[in-house]
Amino acid sequence: MDQIDEKILCILECEGRISNTNLADKVGLSASACSRRTQELEQSGYIKGYRAILDRHRLGGEITVFVMVGLSAHLAKDAKEFEVAMELADEVRECHNITGSVEYLLRVEVGSLARYKSFHADTLGILPQVARITSHISLGSSKDMRA
């Protein structure tokens with residue numbers, strides 16, 4: 001990993017659909033050398049993949065809620081069962097195991113408060129592993145670098 005590789009990664013993080021020719025121009029390499037380096041970064045795991053960034057508001061995700069979840073027990077099986085349930089919940093866009101006073105932080109996207117209430121009651125509220133739920137509704141995001 002050198003400065004050119006770091007520059008390639010930085011550009012691809014912001015412009016994932018940039019052509020190899022344009023990328024090569026920006027980092028000062030020939031197209032073939034740039035392509036080779038990009039493939040090496042992919043193969044070595046620095047680049048995990050490419051994806052489209054969707055406009056969640058246009059797709060009905062009008063409300064983003066950050067949910068802190070405390071589990072009732074600290075057993076590995078409880079954590080695994082909770083994670084499986086969150087994987088199956090379409091509203092959950094991210095599920096992070098964290099340190100602190102709770103075990104999990106979720107990013108939930110829903111179309112309405114009524115839909116969040118349903119998720120809160122019918123998905124989180126019925127899980128035996130869940131002891132505490134604290135919801136924080138996002139009023140807006142001034143910076144969002146997720147891809």
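Just above sits the structure.
The paragraphs below set out a description of the structure included in this document. (Residues numbered from 1 in each chain as written. Predicted model: local features only at pLDDT ≥ 70, side-chain atom pairs only at ≥ 80, totals over all residues. Heavy atoms only, no water.)

### Re the overall build of the protein
Then comes step 1: Summing up its helical and strand segments, the protein has five helices and four strands in all.
Then comes step 2: Listing each helix as α and each strand as β along the protein from the N terminus yields α-α-α-β-α-β-β-α-β.
Then comes step 3: What you see for the protein is a C-alpha radius of gyration of 20 Å, clearly larger than the 15 Å of a compact globule of 147 residues, by over 25%.
Then comes step 4: If one aligns the C-alpha atoms of the protein with their principal axes, the spans along those axes are about 55 × 35 × 25 Å.
Then comes step 5: Scored against the burial criterion, the 147 residues of the protein give a buried share of 30%.
Then comes step 6: Once local pairs closer than 6 in sequence are excluded, the contacts in the protein between residues at least 24 apart make up 62%.
Then comes step 7: A gap of 2 Å separates the mean positions of the 18 positive and 21 negative side-chain charges of the protein. (Helix = DSSP H or I, 4+ residues; strand = E, 2+ residues; numbered from the N terminus. Rg over C-alpha atoms; globule rule 2.2 N^0.38 Å. Buried < 20%, exposed > 50% of the residue type's maximum accessible area, 1.4 Å probe, protein only. Contact = heavy atoms within 4.5 Å. Lys, Arg positive; Asp, Glu negative; His and termini not counted. Charge placed at Lys NZ, Arg CZ, Asp CG, Glu CD.)

### With respect to the pattern of salt bridges
When the charged atoms of two side chains with opposite charge come close together, those side chains can pair.
Then comes step 1: Per the stated rule, a full pass over the model turns up eight salt bridges.
Then comes step 2: For aspartate 2, the salt bridge identified is with arginine 37, shortest N-O distance 2.9 Å. Placement of aspartate 2 in the segment before helix H1 (3-14) and of arginine 37 in helix H3 (residues 31-43) is noted, with a sequence separation of 35 residues between them.
Then comes step 3: Residue classification places arginine 37 among the partly exposed positions, given a relative accessible area of 22%.
Then comes step 4: Glutamate 15 is paired through a salt bridge with lysine 26; the nearest N and O atoms lie 2.9 Å apart. Of this pair, glutamate 15 sits in the loop between H1 and helix H2 (20-27) while lysine 26 sits in helix H2, placing them eleven residues apart in sequence. (Salt bridge = Lys/Arg side-chain N within 4 Å of Asp/Glu carboxyl O.)

### Focus on the nonpolar core
Nonpolar side chains in soluble globular proteins generally cluster together in the buried interior.
Then comes step 1: Membership of the largest hydrophobic core comes to 20 residues, with the highest contact counts inside it found for Val67, Val69, Phe82, Met86, Leu106, Val108 and Leu124.
Then comes step 2: Mapped by element, the contributors of at least two residues to this core are strand S1 (63-71), helix H4 (76-88), strand S3 (104-110) and helix H5 (113-124).
Then comes step 3: The dominant element in this core, judged by the number of residues it contributes, is S1, at five residues.
Then comes step 4: In this structure, Ile8, Leu29, Leu41 and Ile47 belong to the second largest nonpolar core, which totals twelve residues. (Core = buried A, V, L, I, M, F, W, Y, C linked by side-chain atoms within 4.5 Å.)

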